[in-house]
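# Structural characterization, general
So you can see what is in the structure, the chains are spelled out below.
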Amino acid sequence: MKTEKENRLSISEKLCYSAGDCGSQIYVTLCTYFLTGFYTDTVGIAAAAIGTMMLFARLFDGTSDLIMGAILDKTKSKYGKARPWILWTAPLMGIALIAMFTVPSSLGDSGKLVYAYFTYILLNCIIYTANGIAYNSLLARMTLNIQDRVSCTSWRFVLGNLVVLLINAVTANLVTTLGWGRLIVIYGIIEAVLLLVCFAGCRERIDADQEGAVEAEKVPLKTALPALLKNKYFYLQALMMVFLYINIMTVGNMMYYFCNTVLGSLAAMTVVSMCYNIPTIIGSLMNPALVKKFGKRKVMIGAFIVSMMGRAIVGAGGTNMMLVLTGCALHGLALGPVYADVFAMTPDIIDYGEWKTGIRSEGLTTCCVSFGMKVGLGLGAFVASWILEFGGYDGMAASQADSAVSSIQFGFGYASVILSAICLAIILAMNIDKDIDQIQEDLMAKHSA
């Protein structure tokens, strides 16, 4: 392994790493903000059925994540452990995204639901699992430098949120002019290309020789699993991912219905998402300096408090556009550091595991954290769908009952306050920052030997 100075990441490599998240964000954004609405209002599937489907898919995630993590830990190629999987899954991500948003109109109601189950599970539980675990493992194999990791994840979420902003700004209008059929093909191609850029522009340095060839150690599951179970921060990180992504998915799903039903204009999604995503980008840009001064944990504590304030304002705002936009802006500003730092913590947790046990397992650690994230996405969709169902929402009705409007307002505002409070409690218990300098010093010496 090369010296610490030689291992510092270039700006171009950080941008290529970020391109991978930009590609994945196309899928995640469409799934978070548009998929439920597409199923209920375009395909005609009941909201409760969609929520149940997304929750049911989580049953497959536990198995698929564990299998993929074990496979990645055993992967050995000239490209390393993680990069080859990004290469192999890039075209499949695009194809599966196109399939998910192309429900044949000739199918009956049951056929449409079966098709939705099949394509959602295929993309989310198999292809995205392989791609996501590889991508989230990659940073831990690119560098041991803490500031580079924070910088990488900050740029990742700056550019990723620009993609979210762009998709939210243009999708509603493009669906009107192009239709989902042609639009989703464009999105699928762009997604695959961005993932290929990530593969081509990044390098794994852990276990690499002077010429850059990677001789990664294969870690069998029987060795990696007992070591993982001794890592106390792994449990807290998995819980954080569950509740953070329940929060993200609930708010994201409810935005469509809040704008369309409460504000009375789906076009309002453009303004609301801008007031959410632009501050998120600003928060991400501020994050490296904040982390350098205060550390990741303290920054995230402050961010969750600000997030709770923002969503409380949204909940109290009703149809007052100024209050809604102010609350969304505060929430977005807080999420910039949260997004960047929670993912920067995963490589730290991998390092902590190696420091405590001598076993470095990027695949299994990342797969379990990824499972927490996807459980959160599924539960968030389930929570949002059943909030709609509880309120009596009917996607085919000309107007909605007052109970449906109230449920949507609660789901877009106060529900997020509760979930952010749970995340705050978790990060208060998660103080890996106190050991991180010693961990980095010891591992740098080990891998330089």
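Residues numbered from 1 in each chain as written. Predicted model: local features only at pLDDT ≥ 70, side-chain atom pairs only at ≥ 80, totals over all residues. Heavy atoms only, no water.

## Describing the packing of helix α9 (residues 296-317) against helix α13 (residues 414-428)
Contact geometry of α9 with α13 gives a least axis separation of 8 Å together with a crossing angle of 165°. The angle between α9 and α13 places the two elements in the roughly antiparallel class. You can see that α9 and α13 cross each other, and the crossing is left-handed. Between α9 and α13, the contacting residues are Arg297, Met300, Ile301, Phe304, Ile305, Ser307, Met308, Arg311, Ala312, Gly315 and Ala316 on the first element and Tyr414, Ser416, Val417, Ser420, Ala421, Cys423, Leu424, Ile427 and Leu428 on the second. Broken down by class, the residue content of the contact of α9 with α13 amounts to 14 nonpolar, four polar and two charged. (Axes fitted to C-alpha atoms, helices over the stretch in contact; angles between N-to-C directions. Helix = DSSP H or I, 4+ residues; strand = E, 2+ residues; numbered from the N terminus. Parallel < 35°, antiparallel > 145°, perpendicular 65-115°, else oblique. Left-handed = near helix turned anticlockwise from the far one by under 90°. Contact = heavy atoms within 4.5 Å. Nonpolar A, V, L, I, M, F, W, Y, C, P; charged D, E, K, R; others polar.)

## Overview of the pattern of salt bridges
Two side chains carrying opposite charge are able to pair once their charged atoms lie near each other. Tallied over the full model, the rule gives eight salt bridges. Among the ionic pairs, Asp351 bridges to Arg149, the shortest N-O distance being 2.5 Å. Residue Asp351 is found in helix α10 (residues 321-357), and its partner Arg149 is found in helix α5 (residues 146-201); the two are separated by 202 residues along the sequence. Across the pair, Arg149 and Asp351 agree in class, each one buried. The residue Lys434 makes a salt bridge to Asp435 at a minimum N-O spacing of 3.1 Å. Where salt bridges share partners, they join Arg149, Lys296, Asp348 and Asp351 into one cluster. (Salt bridge = Lys/Arg side-chain N within 4 Å of Asp/Glu carboxyl O. Buried < 20%, exposed > 50% of the residue type's maximum accessible area, 1.4 Å probe, protein only.)

## A look at the confidence of the model for the protein
The pLDDT averaged across the protein works out to 85; a share of 94% of its residues lies at or above 70. Per-element averaging of pLDDT across the protein places helix α6 (residues 221-229) at the bottom with 77 and helix α3 (residues 83-100) at the top with 95. In the model, residues 1-6 has pLDDT below 50 throughout and makes twelve contacts with residues more than four positions away in sequence or in other chains. (pLDDT = per-residue confidence, 0-100.)

## Remarks on empty space enclosed by the protein
Overall, the coordinates contain five cavities of 30 Å³ or more when judged by the stated rule. Considered as a void within the structure, the largest cavity measures approximately 310 Å³ in volume. If you go around the largest cavity, you meet 25 residues; those closest to its centre are Asp21, Gln25, Val28, Phe157 and Tyr245. When residues of the lining of the largest cavity are traced back to their parent elements, those giving at least two are α1 (11-43), α4 (109-142), α5, α7 (232-262), α8 (268-294), α10 and α11 (362-391). Per-element accounting of the lining of the largest cavity gives the leading share, seven residues, to α1. For the second largest cavity, the calculated volume is near 70 Å³. Considering the residues around the second largest cavity, the lining is formed by Ala224, Ala227, Leu228, Asn231, Ile349, Ile350, Gly353, Glu354, Thr357, Ile359, Ser361 and Thr365. Of all the secondary structure elements, the ones that give two or more residues to the lining of the second largest cavity are α6 and α10. The element best represented in the lining of the second largest cavity is α10, accounting for five residues. (1 Å grid on protein atoms, 1.4 Å probe; cavity = no way out; pocket = protein on both sides within 12 Å on 5 of 7 lines; lining within 4 Å. Points joined across faces, edges and corners; volume = space filled by probe spheres on them.)

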